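Architecture at a glance
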Amino acid sequence: MGKDYPKIIEQVAKQNNIHTNSVEQFTSGQVNKVFNINNQFVLKIEGDHPKAKGMLDGQAAKINLLIEHKANTPKLLDFGDVNGSTYLLMQKVDGKNLVYDWLGFTSKQKENFIAQIAEQLQIFHSIKSDRYFDIYDNFKDAVTAETNAKEIDKDKLKLEYQESIEILED
């Protein structure tokens, strides 16, 4: 039997004095479940998938570590365990997913976004911690181990995008 997500949401909201006028599930959560509460809060709840077990453990410490290093990270409001499920309650950041509007942005806007991303990646890569990804010393090692840019067929991309991929590879 699956988890009673509405009940977990209700309990976390009650603990944090949040009236749940609106709750929507994000479609982005593949292993864990992610909910938008009142368009002000994001609640991540450990999912039913076998890979979800323990995935959220330690994320609160990682988020706080990023915040300590001045990374642009949503504020962590609460974390813990309800009915045997780990959860994280965070402040929702205003905005929308860039993927939907990327092609409509000017080159200058794209450059601005990429500069902001690069700045944040520098912060992520600078952090050394045994708490980071359990088996990796820093974010760069973790991402490098999980990302294979060679899988991208650059020949199918515009020249300017090919160059961008090469920069990211470097």
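Scroll up to find the structure this text is about.
This section reports on the structure supplied with the text.

Cut-offs applied
Within any chain, residue numbers begin from 1 and follow the written order of that chain's sequence. Local features in this predicted model are restricted to residues of pLDDT 70 or higher, and side-chain atom pairs are both shown and tallied only at a pLDDT of 80 or more, whereas totals for entire chains, interfaces and linings draw on every residue. Based on all heavy atoms of the structure, the side-chain values leave hydrogens and waters out of the count. To sort residues, take the accessible area from a 1.4 Å probe on protein chains only and compare it with the maximum for the residue type: under 20% means buried, over 50% means exposed, and anything in between is partly exposed. We count a stretch as a helix when DSSP gives it H or I for four or more residues in a row; a strand needs E for two or more, and each element gets its number in order from the N terminus. Only when DSSP finds a minimum of two bridges between them are two strands counted as paired. Pairing of aromatic side chains here covers Phe, Tyr and the six-membered ring of Trp, requires ring centres within 6.5 Å, and sorts the geometry by plane angle: under 30 degrees stacked, over 60 edge-to-face, intermediate tilted. Polar contacts here mean pairs of N or O atoms no more than 3.5 Å apart (in protein, one a potential hydrogen donor and the other a potential acceptor; neighbouring residues in sequence count only if both atoms are side-chain atoms). The contact criterion used is simple: two residues touch if any of their non-hydrogen atoms lie within 4.5 Å. Just to be clear on terms, a salt bridge is a Lys or Arg side-chain nitrogen sitting within 4 Å of an Asp or Glu carboxyl oxygen.

**Quick look at the pairing of strand β5 (residues 85-91)**
β5 sits mainly inside the fold: six of its seven residues count as buried. The pairing of strand β3 (residues 41-45) with β5 spans five bridges and is antiparallel. The residue of β5 that forms the bridge with Val42 is Met90. Of the strand pairs in this sheet, strand β4 (residues 76-82) and β5 are connected by six bridges, and their pairing is antiparallel. Opposite Asp81, over in β5, you have Thr86 as the bridge partner. A loop of two residues connects β4 with β5, the two strands running antiparallel in sequence, and Asn83 in this loop sits at a positive phi of about 50 degrees.

**Notes on the packing of aromatic side chains**
The tally for this structure, following the rule as stated, stands at four aromatic pairs. When the centroid spacing of 6.1 Å and the interplanar angle of 90 degrees are considered together, the rings of Trp102 and Phe105 count as edge-to-face. Among the residues examined, Trp102 registers a relative accessible area of 24% and is labelled partly exposed. Plain terms: the ring middles of Phe105 and Phe113 are 5.0 Å apart, the flat faces sit at 50 degrees to each other, and that makes the pair tilted. Among the aromatic side chains, those forming a connected cluster through ring pairs are Trp102, Phe105 and Phe113.

**Details of the side chain of Asn32**
Residue position: Asn32 is located in the loop between β1 (23-25) and β2 (33-37). In terms of polar contacts, Asn32 uses its side chain to reach the backbone amide nitrogen of Gly47, at 3.1 Å. Sequence-distant contacts of Asn32, defined by excluding residues within four places in its chain, comprise Ile45, Glu46, Gly47, Ala52, Met55 and Leu56.

**Section: the pattern of salt bridges**
On inspection of all chains with the given rule, the structure shows two salt bridges. Note that Lys3 is salt-bridged to Glu46, the shortest N-O span being 3.3 Å. Here the residue Lys3 occupies a position in the segment before α1 (5-15), and Glu46 occupies one in the loop between β3 and α2 (59-68), the gap between them amounting to 43 residues. Of the residues examined, Glu46 reaches a relative accessible area of 2% and is grouped as buried. A salt bridge links Lys53 to Glu46; the shortest N-O distance between them is 3.8 Å. Residues joined by salt bridges that share partners form a network here, namely Lys3, Glu46 and Lys53.

**Looking at the side chain of Gln120**
Relative to the elements of secondary structure, Gln120 occurs in helix α3 (residues 107-126). Assessed through its relative accessible area of 13%, Gln120 is described here as buried. Other than its neighbours up to four places away in sequence, Gln120 contacts Ala71 and Asn72.

**A few points about unusual backbone geometry**
Peptide bonds are trans in most cases, and residues, glycine excluded, mostly fall at negative phi. Even without being a glycine, Asn39 presents a positive backbone phi close to 55 degrees. You can see Asn39 is positioned in the loop between β2 and β3. We note that Asn83 has phi near 50 degrees; this positive angle belongs to a residue other than glycine. Turning to its location among the elements, Asn83 is positioned in the loop between β4 and β5.

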